[in-house]
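# Secondary and tertiary structure notes
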Amino acid sequence: RQLPLLSLAQPGALASPCRSPMPQPTIFVAATRQHVGKTTVSLALMSGLQKRFNKVGFLKPVGQQHLPVRDESGNQLRVDKDVQVMKEYFKLDHVPYSAMSPVIIPSGYTARYIDGEVSNEAQCAAIRRAHETISSGSDVVLAEGTGHVGVGSVVEVSNARAAAMMGAEVVLVANGGIGKAFDELEMNRMMFAHEGVRVRGVVLNKVRPDKVEYVRSKMGRLLEQRWGVPLLGVVPELSYLSKPTLAELEKALDGDLLAGHRCRSLHYGVENSFLVTTGLRRFLRRAFEQRSPSEWRRPLFVTHVTRDDLLLGYLAQHQRLMTAQGGAVDGPRDWAGAMVLSTGASKGFPDKEAFPDDTEPLTYLTQMAKDSNAPVLITRYGTLDALHIIESYTAKHSIHDTARVSAAVAHYEPNIDFDALLQG
């Protein structure tokens, strides 16, 4: 199938050498702000495009969070973290790593750019070469932006400018709703208009399931009337996608999982995270007697490492439940609660001096956790700070969590109108 020729950005909007429209059409996925599901939409678009085209290319022209990978020749290089997910999950063997992440903005990059150590021409040339390389071996190219549309402006490679460099058209992603969503969409659309880039359509993400049809009707009509573009998708919220794995929380808390390593790949919801300050009897009654394990499958209990009574009570209940469910933890009704033990004091009330006994569980309790393989995580943060980190954590896609990637594609792809996208 052929994608209709995309309308290239208006001539003169971006001076040479940055502008270099390619013969192969390019779809640029952008968002109104950070953490609205841009990468998740990109995953769904890649999956759908692969069903309609022989070879789909991918690049992230400007990235911020990066990691080391090995290229096709075994050489190590750094790419944006989303690039690794796309290439490995979708098996983009025709796209070289070396062209997928042309500009990375690590710490200190902005200062170097302001001081003249990095030139705009070099950035433009890197993006242009990368796009040419990927376009030459693909039928269509999917590009993903970073943050909101204006991110990168300080070094003169905003999302809008990057899209213009590649002659791309944009799928703009926003969180669900109507009034606030449209206000954010309009502000970001104006940045693209300033660079002569056309918005091809909009995807609304994380919409309340009971509001999907209402939002589809109202926002669809609004976009057609104001912009003349289609609403490509209205995706109902799926809470599972926002749940971090225990391994992700271990990293976020700068922690150490004493036991229960088989639970590292399991997902824990923020809504089931609790700071435990009560006595043992109340903790056991509320956590294990008033709630069915199958209804409250993965609670996350946060308390201080000196609460030996709470840890002992948790370990006893863990052993009881593991015996009852045959030791399984990943079944649809299996209980797999975890405990986070804080060794530090909260920032607002720091210790004047540290005591060694306050930094680790009693030896016999540590051995009990290991013997029962109960997930117990130690963190240097205080209890309040640890809970705040957990509650504010935004789960991101990783090639090490393909279950989340697969769930995202399965949920998002059917909610996107590919016919409207490709006919635009």
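The following paragraphs examine the structure supplied in this document.

Parameters at a glance
Residues numbered from 1 in each chain as written. Predicted model: local features only at pLDDT ≥ 70, side-chain atom pairs only at ≥ 80, totals over all residues. Heavy atoms only, no water. Buried < 20%, exposed > 50% of the residue type's maximum accessible area, 1.4 Å probe, protein only. Helix = DSSP H or I, 4+ residues; strand = E, 2+ residues; numbered from the N terminus. Phe/Tyr/Trp six-rings, centres within 6.5 Å; stacked < 30°, edge-to-face > 60°. Patch = residues over 30% accessible without salt bridge, like charges linked within 9 Å, V, L, I, M, F, W, Y side chains within 5 Å. Areas by Shrake-Rupley, 256 points an atom, 1.4 Å probe, with all protein chains shown as cover. Salt bridge = Lys/Arg side-chain N within 4 Å of Asp/Glu carboxyl O. Axes fitted to C-alpha atoms, helices over the stretch in contact; angles between N-to-C directions. Parallel < 35°, antiparallel > 145°, perpendicular 65-115°, else oblique. Contact = heavy atoms within 4.5 Å. Nonpolar A, V, L, I, M, F, W, Y, C, P; charged D, E, K, R; others polar. Left-handed = near helix turned anticlockwise from the far one by under 90°. Pairing = 2+ DSSP bridges. Core = buried A, V, L, I, M, F, W, Y, C linked by side-chain atoms within 4.5 Å. Expected span 1.5 Å × (residues − 1). Polar contact = N/O pair within 3.5 Å; in protein donor to acceptor, adjacent residues only side chain to side chain.

Of note, the phi angle at histidine 35 is positive, near 65 degrees, even though the residue is not glycine. Histidine 35 gets classed as partly exposed once you look at its relative accessible area, which sits at 31%. Backbone geometry at asparagine 373 places phi at a positive 55 degrees, although glycine is not the residue there. Relative to the helices and strands, asparagine 373 resides in the loop between helix 11 (363-372) and strand 15 (376-379). Given the relative accessible area of 27%, asparagine 373 is considered partly exposed.

The full count for this structure, using the stated rule, is 10 aromatic pairs. Between phenylalanine 283 and phenylalanine 288 the ring centres are 5.8 Å apart and the planes differ by 85 degrees, which places this aromatic pair in the edge-to-face class. Assessed through its relative accessible area of 10%, phenylalanine 288 is described here as buried. Their ring planes at 90 degrees and their centres at 5.1 Å tell us that phenylalanine 283 and phenylalanine 301 sit as a pair that is edge-to-face.

What follows concerns a nonpolar patch on the surface. Among the surface-exposed residues, Leu312, Leu362, Tyr364 and Met368 lie close enough to one another that they form a single nonpolar patch of about 340 Å² accessible area. Along the chain, leucine 312 turns up in helix 10 (residues 308-324).

To continue, consider the packing of helix 1 (residues 38-50) against helix 13 (residues 402-412). For the pair helix 1 and helix 13, interaxial distance at closest approach is 9 Å and the crossing angle is 70 degrees. In terms of orientation, helix 1 lies roughly perpendicular with respect to helix 13. Side by side, helix 1 and helix 13 meet where Thr40, Val41, Leu43, Ala44 and Ser47 of the first sit next to Val405, Ala408, Val409 and Tyr412 of the second. A class-by-class count of the residues in the contact of helix 1 with helix 13 yields 7 nonpolar, 2 polar and no charged.

Glancing now at the packing of helix 10 against helix 11. When two helices pack together, their arrangement is captured by the angle between the axes and the distance separating the axes. Between helix 10 and helix 11, whose axes approach to 11 Å, the crossing angle comes to 20 degrees. Here helix 11 runs roughly parallel to helix 10, going by the angle between their axes. The two elements helix 10 and helix 11 meet at a crossing, and its hand is left-handed. Facing Asp308, Leu311, Leu312, Leu315 and His318 of helix 10, the residues of helix 11 in contact are Tyr364, Leu365, Met368, Ala369 and Ser372. Class assignment of the residues belonging to the contact of helix 10 with helix 11 gives a composition of 7 nonpolar, 2 polar and 1 charged.

The subject of this paragraph is helix 13. Those residues of helix 13 that sit buried are Arg404, Val405, Ala408, Val409, His411 and Tyr412. Buried-residue contacts for helix 13 involve helix 1, helix 2 (81-89), strand 9 (199-207), strand 10 (231-236) and helix 8 (246-252).

What follows is about the sheet that holds strand 13 (residues 300-304). Read from one edge to the other, the open sheet built from 5 strands follows the order 11-15-14-13-12, with strand pairing classed as mixed. The sheet terminates laterally at strand 11 (256-259) and strand 12 (273-275), the two strands that pair on one side only. Taken over all neighbouring pairs, the strand axes of this sheet differ in orientation by 25 degrees on average, direction set aside. Bridge count between strand 13 and strand 14 (residues 338-342): 5 bridges; the pairing is parallel. Along strand 14, the bridge assignment pairs leucine 300 with alanine 338. With respect to the sheet, helix 12 (residues 383-392) is in contact with strand 12, strand 13, strand 14 and strand 15, its orientation differing from that of strand 13 by roughly 155 degrees.

This part covers the nonpolar core. Across soluble globular proteins, nonpolar side chains show a tendency to be buried alongside one another. With 89 residues, the main nonpolar core has Phe28, Val170, Leu172, Phe192, Leu204, Met219 and Trp227 as its most contacted residues. A total of 6 residues in this core trace back to one element, the largest contributor, which is helix 1. Other than its neighbours up to four places away in sequence, leucine 172 contacts Ala30, Ala31, Val149, Leu185, Asn188, Arg189, Phe192, Val199, Gly201, Val202, Val203 and Trp227. In this structure, Leu246, Leu315, Leu365 and Ile389 belong to the second largest nonpolar core, which totals 43 residues.

The next subject is helix 7 (residues 212-226). In this model, helix 7 (15 residues) spans 21 Å end to end at C-alpha, consistent with the 21 Å of a helix rising 1.5 Å per residue. For helix 7, the set of buried residues is Val212, Val215, Met219, Gly220, Leu222 and Leu223. Glycine 228 sits one or two residues past helix 7 and shows a positive phi near 70 degrees.

Looking now at the side chain of histidine 397. Tracing the chain through its elements places histidine 397 in the loop between helix 12 and helix 13. A polar contact of 2.9 Å, which involves the side chain of histidine 397, links it to the side chain of threonine 40. Those residues in contact with histidine 397 that sit more than four places away from it in its chain are Thr39, Thr40, Leu43, Val85, Arg404, Val405 and Ala408.

Taken together, the 5 bridges between strand 4 (residues 66-70) and strand 5 (residues 76-80) define a ladder with antiparallel strand orientation. Each residue of the ladder has a partner; that of arginine 70, found in strand 5, is glutamine 76. The turn joining strand 4 and strand 5, which pair antiparallel and follow one another in sequence, is formed by 5 residues; a positive phi near 90 degrees is taken by glycine 74.

Before going further, it helps to spend a moment on the sheet that holds strand 9. The strand order 2-7-1-8-9-10 describes an open sheet built from 6 strands, whose pairing is parallel. Two strands lie at the open edges of the sheet, namely strand 2 (56-59) and strand 10, each paired on one side alone. The sheet shows a mean angle of 20 degrees between the axes of neighbouring strands, direction not considered. Relative to strand 8 (residues 169-175), strand 1 (residues 26-31) is paired through 5 bridges, and the arrangement is parallel. Bridged to valine 29 within strand 8 is valine 171.

With respect to the helices and strands, the residue lysine 60 is situated in the loop between strand 2 and strand 3 (62-63). In terms of polar contacts, lysine 60 uses its side chain to reach the side chain of aspartate 80, at 3.4 Å. Separated by 2.7 Å, the side chains of lysine 60 and aspartate 82 make a polar contact.

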